[in-house]
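What follows is each chain in one-letter form.
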Amino acid sequence: MTTMIFPGQTIGIIGGGQLGRMMALSAKEAGFKVAVLEPTMDSPCGQVADICIVAPYDDEAALEELASVSDVITYEFENIDYEGLKRLTEIAYVPQGAELVRITQNRVTEKEAIVKAGCPVAPYFVVDTYDDLVTHIDKIGYPCIVKTARGGYDGKGQQRLNSIDDLPLAKGLIEHSQCVVESFVPFNMEISVIVQRNGLGETYCLPVGENIHVHHILHETIVPARISNDTLNQAEQAAIKIADHLQLIGTLAVEMFVLKNGDIIINELAPRPHNSGHYSIEACNISQFGQHIRAICGWPLRKPVLWAPSIMVNVLGQHVVPLTNNISKYPDWSVHLYGKDKAKVNRKMGHVTIMTNNVELTLDEIEKSGIWSE
Ligand code: ATP
Ligand code: MG
């Protein structure tokens, strides 16, 4: 059975960042009210919400307050407090449940779930101590990447090892937390599939995006990804298998590597809207945020249609001034800034989406603009 939530009722969001903001804007368009729980004042989501509860994510009284003002509760990132979310499921309506967060908060349980769903991951093993690493490294050899099991983002908490001489570089990470060690995948391309599912089991993937990272941070997403039909089918089928296996309600972003032969390997999961899906705000008949709200409110999902090929470019702290100085030159660019006050280097401050009938030309225009030269 699914409960339907209607405009006029309140959607509670845990987390006040840009994903929460764009969820909230989408919800408000339909007439929902929005409450947000977030520890910082004047957060991107707090600025557009009706109710702001400013407190840590694991603050029991704050979670109870969120429950009391919300008709349905969702979250905008996966590193929220699992125990707190679990308690919320007992006192509030949390259609996504807490299990998905528990699984995706930890790379070990995440990889196990991907494998159980029948999808490929890079060869890996789990290490609790530096000795474990030294003893078992021959299982996969070099190059490999050591990643902390918990809490990584934008490539933080990772160390690449190219040879036996690099082993000590991983010491700090492993002393700090459990890690997974995975083979370096010589990929041709990175793609992501955003799959969304409601309580009735209706499931849709957004058009698949091709992701270009700079310094381990997403720089551009090109849609549709420039992949073969066979790779596209593999990617969508894998995302749907994982979504079914996890009995997904809401949104799951599945990051993948595409190998030279066109096969895919799953990198990681995010149980929420994803940076690589922002293009859908302008370029699709339903955005990842709108579909997420429909899913958690028990509404029927819409079959996504891409209006035109699109490029999304992230705007980091160092890009804000060059972008704003150049807005008058680019009437066709959709500019999104998230309302963050400090434009720190490499902090995600906003993004630009450009719909185009000539991807190569537009990529060239982006490069020549000089806005992203640093
Ligand atoms: P984000 O939050 O930005 O998605 P993250 O910190 O959770 O990143 P990953 O997605 O695991 O980390 O890795 C970041 C990037 O590092 C990947 O997008 C990819 O470019 C590269 N990378 C990670 N794992 C591998 C691998 N096994 N082989 C090759 N490249 C990898
Ligand atoms: Mg990633």
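This text follows the structure it describes.
All values reported here derive from a predicted model rather than from experimental measurement.

Draft legend 1. Representation of the overall build of the protein chain in the model. Within the protein chain, the regular secondary structure consists of twelve helices and 17 strands. Taken over the C-alpha trace, the protein chain has a radius of gyration of 20 Å; the compact-globule value for 374 residues is 21 Å, and the two agree within 12%. Referenced to the eigenvectors of the C-alpha coordinate spread, the extents of the protein chain come out at roughly 60 × 50 × 40 Å. Counting across all 374 residues of the protein chain, residues that qualify as buried make up 55%. Of the contacts formed within the protein chain by residues at least 6 apart in sequence, a portion of 62% connects residues at least 24 apart.

Draft legend 2. Region of interest: the sheet that holds strand S3 (residues 51–54). If you trace the four strands from one edge of the open sheet to the other, you get S3-S2-S1-S4, paired in parallel fashion. Each edge of the open sheet is held by one strand with a lone partner, namely S3 and strand S4 (72–75). Going from strand to strand, the sheet's axes swing by 20° on average, the running direction of each strand aside. When strand S2 (residues 33–38) meets S3, the two strands line up parallel, connected through four bridges. Within the sheet, the bridge partner assigned to Ala35 lies in S3 and is Ile51. Those strands touched by helix H2 (residues 60–69) are strand S1 (10–14), S2, S3 and S4, and its axis lies near 175° from that of S2.

Draft legend 3. Structural view of empty space enclosed by the protein. Counting across every chain of the model gives one cavity of 30 Å³ or more. Volume-wise, the largest cavity comes out at about 30 Å³. Taken together, Glu190, Ile191, Asn211, His213, Glu255 and Met256 make up the lining of the largest cavity. Those elements that place two or more of their residues in the lining of the largest cavity are strand S9 (189–197), strand S11 (209–214) and strand S13 (250–258). For the lining of the largest cavity, the residue count by class is two nonpolar, two polar and two charged.

Draft legend 4. Representation of the coordination of the magnesium ion (ligand 2) within the structure. Protein ligation of the magnesium ion (ligand 2) involves Glu255 (OE) and Glu268 (OE), the donor distances falling in the range 2.0 to 2.1 Å. Of the two residues, Glu255 sits in strand S13 while Glu268 sits in strand S14 (residues 264–270), which places them 13 residues apart along the sequence. With relative accessibility at 16%, the residue Glu255 sits in the buried group.

Draft legend 5. The site of ligand 1, seen in detail. Taken together, 21 residues form the shell around ligand 1, and within it Lys147, Gly155, Gln158, Glu190 and Glu268 come nearest. With respect to ligand 1, the backbone of Tyr153 contributes an N or O atom lying 3.4 Å from an oxygen atom. With respect to ligand 1, the side chain of Glu268 contributes an N or O atom lying 2.7 Å from an oxygen atom. The fraction of the free accessible surface of ligand 1 (620 Å²) that becomes covered by protein chains is 92%. Elements with a contribution of two residues or more to the shell around ligand 1: strand S6 (144–148), strand S8 (179–183), S13 and S14. For the shell around ligand 1, a count of residues per class yields six nonpolar, seven polar and eight charged.

What counts, and where the lines are drawn
Residues numbered from 1 in each chain as written. Chains lettered and ligands numbered in written order. Predicted model: local features only at pLDDT ≥ 70, side-chain atom pairs only at ≥ 80, totals over all residues. Heavy atoms only, no water. Helix = DSSP H or I, 4+ residues; strand = E, 2+ residues; numbered from the N terminus. Rg over C-alpha atoms; globule rule 2.2 N^0.38 Å. Buried < 20%, exposed > 50% of the residue type's maximum accessible area, 1.4 Å probe, protein only. Contact = heavy atoms within 4.5 Å. Pairing = 2+ DSSP bridges. Axes fitted to C-alpha atoms, helices over the stretch in contact; angles between N-to-C directions. 1 Å grid on protein atoms, 1.4 Å probe; cavity = no way out; pocket = protein on both sides within 12 Å on 5 of 7 lines; lining within 4 Å. Points joined across faces, edges and corners; volume = space filled by probe spheres on them. Nonpolar A, V, L, I, M, F, W, Y, C, P; charged D, E, K, R; others polar. Donors = N, O, S within 2.8 Å, 3.2 Å for Na, K, Ca; no water. Near = heavy atom within 4 Å. Polar contact = N/O pair within 3.5 Å; in protein donor to acceptor, adjacent residues only side chain to side chain. Areas by Shrake-Rupley, 256 points an atom, 1.4 Å probe, with all protein chains shown as cover.

In short, the description is geometric, and any link to function would need to be established separately.
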